[in-house]
Amino acid sequence: MKQFILLFSFFVLMGTQGKAENFNITISGFSYSPATLTVNVGDVVNIEASGFHSLVQISQASYDANDNTLLSGGFSSTSNFNLTITAAMAGTSIYYACSNHGTGGMKGRINVNVVANITENRAREFNFTAYPNP
């Protein structure tokens, strides 16, 4: 029974590590707040958008040049946009701008943290003893 309680506690503790978070990026005048955000894989980012402040994903070159050219295959929206951060996005930056005001500097960036390889974590041995052994 003690082993069961110990294992159950271990898995509950492990389950609370790395919970996904929700982040909101809002429009404040002619800028995004926050303009730069750092997230982890599994997180969800909600970006405010409207017809007046339409949202487009842009390249880093467009971001650097205050350009609002839609990235080929990128997202665009005229209403609030939910972006779920996937493992394929790890270690990258996602750039976006207002399609109407990006040339005026209404832009933002989402930096995605690098994740450790899951197989590395599985390679660790968990060696513990429940004492006294029933």
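It should be emphasised that the depicted structure is a prediction, and the values quoted were computed from it without experimental measurement.

1. Thoughts on the sheet that holds strand S1 (residues 22-28)
So, step 1. Spatially, 4 strands are ordered S2-S1-S4-S7 in an open sheet, and the strand pairing comes out mixed. Only two strands of the sheet have a single partner each, and these edge strands are strand S2 (31-33) and strand S7 (81-84). Along the sheet, successive strands turn relative to each other by an average axial angle of 20°, direction set aside.
So, step 2. For strand S4 (residues 44-47) and S7, the ladder comprises 4 bridges, and the chain directions are antiparallel. Directly across from Val45, in S7, lies its bridge partner Leu83.

2. Here we look at unusual backbone geometry
Trans peptide bonds make up the majority, and among non-glycine residues the majority have a negative phi.
So, step 1. A cis geometry characterises the amide bond from Ser33 onward to Pro34, with omega recorded as -5°.
So, step 2. Looking at where Pro34 falls in the secondary structure, it is placed in the loop between S2 and strand S3 (36-39).
So, step 3. Non-glycine residue Asn66 carries a positive phi angle of around 55°.
So, step 4. Looking at the element boundaries, Asn66 is found in the loop between helix H2 (60-64) and strand S6 (76-77).

3. Focus on the sheet that holds strand S8 (residues 93-98)
Adjacent strands of a sheet pair through backbone hydrogen bonds, lying either parallel or antiparallel.
So, step 1. Reading across the sheet, the 5 strands line up as S3-S9-S8-S5-S6 and stay open at both edges, with mixed pairing between neighbours. What marks the edges here is a single partner per strand, and that holds for S3 and S6.
So, step 2. The sheet contact formed by strand S5 (residues 55-58) and S6 spans 2 bridges and is antiparallel. The partner of Leu55 across the bridge, within S6, is Ser77.

4. Section: the environment of Gly105
So, step 1. Relative to the assigned elements, Gly105 resides in the loop between S8 and strand S9 (107-112).
So, step 2. Classification of Gly105 as partly exposed rests on a relative accessible area of 29%.
So, step 3. Between the C-alpha atoms of Gly105 and Ser31, which are 74 residues apart in sequence, the distance is 7.5 Å.

5. Remarks on the environment of Asn40
So, step 1. By secondary structure assignment, the location of Asn40 is in the loop between S3 and S4.
So, step 2. Separated by 75 residues in sequence, Asn40 and Val115 have C-alpha atoms that sit 7.8 Å apart.

Procedures and definitions
Residues numbered from 1 in each chain as written. Predicted model: local features only at pLDDT ≥ 70, side-chain atom pairs only at ≥ 80, totals over all residues. Heavy atoms only, no water. Pairing = 2+ DSSP bridges. Helix = DSSP H or I, 4+ residues; strand = E, 2+ residues; numbered from the N terminus. Axes fitted to C-alpha atoms, helices over the stretch in contact; angles between N-to-C directions. Buried < 20%, exposed > 50% of the residue type's maximum accessible area, 1.4 Å probe, protein only.

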